[in-house]
Each structure stands twice: as structure tokens, then as C-alpha cells.
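# Structural characterization, general
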Amino acid sequence: MVRKNIILKKIYENPITLSKIAEWVDNRIKNKLDAVVVFSGARGNGKSTGAIKLGLRCDNPFLMGRDVLFSRDDVIKNFKKKEKGIIIADEMIMVGYRREFYNKTQQEFIKLLNTQRDKGNVFIACVPNFANLDKDILGLTFLHIHIAKRGIGYLFCPPPSSIFSNDRWKIDECRKLEERHLMRKIAGGVPAWKLPNFVGTLRFPKLTERQETAYQKIKDEKRNQFFEEGNEIEHQQANSMDRCKECMSKATWKRAKLLWECRNCPNSWKDPKYSVTTEKDIETIPLTYTRNTSKKSSLGVTIE
């Protein structure tokens with residue numbers, strides 16, 4: 001018991017600094033290794049603060065207005081053109097959510113993360129729940145920092161001996177420990193030092209007043225831009241003939257009936273582009289509509 005208290009005292013009274021973590025990151029870049037760091041924690045605890053403070057301490061150049069990003073498209077664009085830089089995904093849940101593993105742009109992002117290591121970019125992500133990230137992104141992460149409260153974080157690293165394990169972060173084991181503590185009704189949850197992969201604690205200061213003002217301005221501008229673009233896409237979808245205007249579900253083109261039929265509800269509607277009066281006209285109507293990114297009609301689809 002005495003030995004355990006001595007170890008705990010050493011861990012909590014001698015926290016790892018952000019400068020030390022930046023040194024780890026810089027060494028990985030020099031050795032051409034993946035430099036992916038993930039900050040997790042509840043909203044308002046200071047994930048973005050920790051990410052920005054870390055970015056400022058790394059050797060790679062960092063500008064908050066240029067390198068703090070909020071959308072998947074912006075992250076992909078930066079990965080394609082940037083070298084020896086820093087990319088902070090402030091809303092990582094928009095970029096690499098595990099339930100969107102089928103999303104084509106997410107697949108493109110993971111390919112870039114895997115193949116562009118030699119460009120020497122540092123990637124820092126902020127996410128509420130670490131376990132919600134795509135498994136491929138988890139596999140590339142070398143450091144997880146959980147922000148317990150403002151200015152205090154816990155550091156976790158995967159063991160270097162994980163060769164065949166598909167759960168190198170031991171997420172299932174952590175989940176079982178948490179459930180056990182909940183069943184026993186132990187206040188405060190599982191102590192960080194009891195969790196697998198725990199390596200130490202982190203303490204960091206808050207942003208300066210000038211940094212905080214700049215960050216809030218950047219966040220408001222980029223978030224508004226992201227949601228405006230999303231609303232525009234939704235508006236385009238709402239006015240598309242191959243979507244139901246009531247439930248917004250996809251529709252199927254029925255050549256025999258000359259109608260679009262919703263796949264979700266009983267609604268059907270005519271396509272004004274194909275109003276026919278003779279059997280000969282019906283023969284010219286396409287059997288199916290297919291998506292093609294290279295060549296689209298005014299409906300947003302290409303006719304085969």
C-alpha cells in the first residue's frame with residue numbers, strides 16, 4: 001500500500017509537460033513515423049486549448065487561422081497540399097466517425113493518413129469519445145490525451161508489442177473496468193492509473209486572452225461556413241427529382257409507370273422531363289438512373 005502511494009504521488013506530482021509531448025511528436029516526424037495525437041473529453045473541458053498549445057510547441061510551423069479546421073473536406077485538402085505542417089481537426093467526429101466507415105470521403109481521408117506519412121505533417125484531433133473514432137484512425141494514433149477537467153489530462157499510449165491484436169488500445173478492457181465500477185457504485189469512476197496504457201498526467205495553461213479571442217472568431221467563421229455549405233447541399237437534394245420531398249428518402253425510377261417511387265413511403269411523382277404520349281416515346285425512356293461524378297445531367301444524375 002505504501003509503495004503504491006509513493007508511485008501515485010510520483011505520477012501526479014511530476015506531470016508530463018506539453019513541451020515534452022511536442023518533443024515526442026518532433027522525434028516521430030524526424031524518424032518518418034505517424035504523428036497522430038488525439039485529445040478526448042467532455043465539451044468545454046479544454047480539448048481545443050490543449051491541441052492549440054501543443055501545436056504552438058511543435059517544430060512544424062503553426063497558424064491558428066490556417067491550421068484549425070472543422071470539416072472533413074478542409075482536412076483532406078490540407079493533407080493533399082501541406083508538407084511539414086500541423087493540422088488540427090477541432091471537430092474530429094465530423095472527419096473520422098466509426099459509424100461512417102462506408103463514407104467515401106472518410107475512406108479517402110484514411111488513405112491519405114496512411115499514405116502521406118513522408119510529408120511530415122502532424123495531425124491533432126479533438127473528439128468527445130476516443131472509442132467512437134474509426135478503427136483505422138485508432139490504429140495510427142500514437143498518443144491519446146484524455147482531458148479530465150480544464151488544464152488536467154491523462155496520457156495513454158498503446159503497447160509496442162501489439163502485433164496481432166485488433167484492440168491495441170484495450171478499449172474493451174477499459175469498458176469492462178468502467179462497468180465494474182458503476183455496478184459497485186464507486187464514486188469518481190475508474191482511477192486513470194488503473195486503466196491499461198496509462199503513462200502519466202498532463203497539466204497545461206489556458207489560452208491567453210488574445211489567443212482565446214482569435215480562436216473564437218476562427219471557430220464561429222469556419223463553423224458557419226461549414227453549416228451553410230451543408231444547408232446548400234440539403235437544399236439541392238430537396239429539389240432533386242430522385243428524392244422524396246416529404247421524407248427526403250431516395251426514390252426509384254419506374255420506367256413502366258413513368259414515375260419516381262419513394263423507397264420509404266408510398267409517395268410517387270412524375271418527372272416533367274419525360275412526358276410521353278406514344279409507345280415509341282416510351283422506348284426512348286431510360287430503364288435506370290445511375291450516379292456518375294464525371295458527367296451529370298440537370299437532375300444531378302446521368303442517364304444510361
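What you see is a predicted model; the values in this text were computed from it and never measured.

### Observations concerning the overall build of the chain
The secondary structure content of the chain amounts to ten helices and twelve strands. Residues counted as buried form 42% of the 304 residues belonging to the chain. For the chain, the accessible area works out to roughly 18,700 Å², and carbon and sulfur atoms hold 51% of it.

### Side note on the packing of helix α5 (residues 72-81) against helix α6 (residues 104-115)
Between α5 and α6, the least distance of the axes is 10 Å, while the angle of their chain directions is 30 degrees. With respect to α6, the element α5 is oriented roughly parallel. Here the hand of the crossing between α5 and α6 comes out left-handed. In this structure, α5 contributes Arg72, Asp73, Val75, Ile76, Phe79 and Lys80 to the contact, and α6 contributes Thr105, Gln106, Glu108, Phe109, Leu112 and Leu113.

### Some thoughts on the side chain of serine 48
Mapped onto the fold, serine 48 is located in helix α3 (residues 47-57). A polar atom in the side chain of serine 48 sits 3.0 Å from the side chain of tyrosine 215. When near neighbours in sequence (up to four residues on either side) are disregarded, serine 48 contacts Asp90, Cys126 and Tyr215.

### A closer look at α5
Inspection of α5 places Arg72, Val75, Ile76, Asn78 and Phe79 among the buried residues, and these make up the whole buried set. Viewed end-on, α5 has its buried residues packed into an arc of 165 degrees, placing them on one side of the element. Opposite the packed face of α5, turned more than 90 degrees from it, sit the exposed residues Lys77 and Lys81. Each element contacted by the buried residues of α5 is listed here: α4 (64-67), β2 (68-69), β3 (86-89), α6 and β4 (122-127).

### Section: the sheet that holds strand β1 (residues 36-40)
In spatial order, the strands read β2-β3-β4-β1-β5-β6-β7; together these seven strands make up an open sheet with mixed pairing. If you trace the sheet from one side to the other, it starts and ends with β2 and β7 (198-203), each paired once. Pairing geometry for β1 and β4, over five bridges, is parallel. Counterpart to valine 36 in the pairing with β4 is phenylalanine 123. Sheet strands in contact with helix α2 (residues 18-30) are β1, β4, β5 (143-149), β6 (152-156) and β7, and its direction is about 160 degrees off that of β5.

### Re the packing of α2 against α3
Close contact between α2 and α3 brings their axes to 9 Å; oriented N to C, the two are set at 60 degrees. Regarding the angle of α2 to α3, the classification is oblique. Seen along the crossing, α2 lies across α3 with a hand that is right-handed. Along the contact surface, α2 presents Leu18, Ser19, Ile21, Ala22 and Asp26, while α3 presents Gly50, Lys53, Leu54 and Arg57. Taken together, the residues that form the contact of α2 with α3 break down as four nonpolar, two polar and three charged.

### Some remarks on a positive patch on the surface
On the surface, Lys176, Arg180, Arg184 and Lys194 cluster together to form a positively charged patch. Here arginine 180 shows up in helix α8 (residues 171-183). By relative accessible area, which is 42% here, arginine 180 ends up partly exposed.

### Looking at unusual backbone geometry
A positive phi angle is found at lysine 84, which is not glycine, with a value near 50 degrees. Checked against the element boundaries, lysine 84 lands in the loop between α5 and β3. Despite not being glycine, lysine 170 shows a phi value in the positive range, around 55 degrees. With respect to the helices and strands, the residue lysine 170 is situated in the loop between β6 and α8.

### Looking at α2
The terminal C-alpha atoms of α2 lie 18 Å apart, and with 13 residues this matches the ideal 18 Å at 1.5 Å per residue to within 8%. Along α2, the residues classified as buried are Leu18, Ile21, Ala22, Val25, Asp26 and Ile29. The buried side chains of α2 occupy one side of the element, clustering within an arc of 140 degrees when seen end-on. Residues of α2 that are buried sit in contact with β1, α3, β4, β5, β6 and β7. At the C-terminal side of α2, lysine 32 shows a positive phi close to 60 degrees.

### Notes on the confidence of the model for the chain
This prediction gives the chain a mean pLDDT of 77; 70% of its residues lie at or above 70. Within the model, pLDDT remains below 50 along residues 230-239, and this stretch shows five contacts once partners closer than five positions in the same chain are excluded. In this model, residues 287-304 is a region of pLDDT below 50 whose contacts with residues beyond four sequence positions or in other chains number 33 contacts.

### Digging into the packing of aromatic side chains
Enumeration according to the criterion identifies six aromatic pairs in this entry. Ring geometry for phenylalanine 109 and phenylalanine 123: centres 5.5 Å apart, planes at 55 degrees, overall tilted. Placement of the pair is phenylalanine 109 in helix α6 and phenylalanine 123 in strand β4, with a sequence separation of 14 residues. With respect to class, phenylalanine 109 is no different from phenylalanine 123; both count as buried. Judged by centre distance (6.3 Å) and plane angle (65 degrees), the ring pair of tyrosine 154 and phenylalanine 198 falls under edge-to-face. Of the two residues, tyrosine 154 is situated in strand β6 and phenylalanine 198 in strand β7; the sequence distance between them amounts to 44 residues. With a relative accessible area of 16%, phenylalanine 198 lands in the buried category. In textbook terms, an aromatic cluster arises when at least three aromatic residues are bridged by ring pairs, as seen for Phe79, Phe109 and Phe123.

Rules behind the numbers
- Residues numbered from 1 in each chain as written.
- Predicted model: local features only at pLDDT ≥ 70, side-chain atom pairs only at ≥ 80, totals over all residues.
- Heavy atoms only, no water.
- Helix = DSSP H or I, 4+ residues; strand = E, 2+ residues; numbered from the N terminus.
- Buried < 20%, exposed > 50% of the residue type's maximum accessible area, 1.4 Å probe, protein only.
- Areas by Shrake-Rupley, 256 points an atom, 1.4 Å probe, with all protein chains shown as cover.
- Axes fitted to C-alpha atoms, helices over the stretch in contact; angles between N-to-C directions.
- Parallel < 35°, antiparallel > 145°, perpendicular 65-115°, else oblique.
- Left-handed = near helix turned anticlockwise from the far one by under 90°.
- Contact = heavy atoms within 4.5 Å.
- Polar contact = N/O pair within 3.5 Å; in protein donor to acceptor, adjacent residues only side chain to side chain.
- Arc of directions from axis to C-beta.
- Pairing = 2+ DSSP bridges.
- Nonpolar A, V, L, I, M, F, W, Y, C, P; charged D, E, K, R; others polar.
- Patch = residues over 30% accessible without salt bridge, like charges linked within 9 Å, V, L, I, M, F, W, Y side chains within 5 Å.
- Salt bridge = Lys/Arg side-chain N within 4 Å of Asp/Glu carboxyl O.
- Lys, Arg positive; Asp, Glu negative; His and termini not counted.
- Charge placed at Lys NZ, Arg CZ, Asp CG, Glu CD.
- Expected span 1.5 Å × (residues − 1).
- pLDDT = per-residue confidence, 0-100.
- Phe/Tyr/Trp six-rings, centres within 6.5 Å; stacked < 30°, edge-to-face > 60°.

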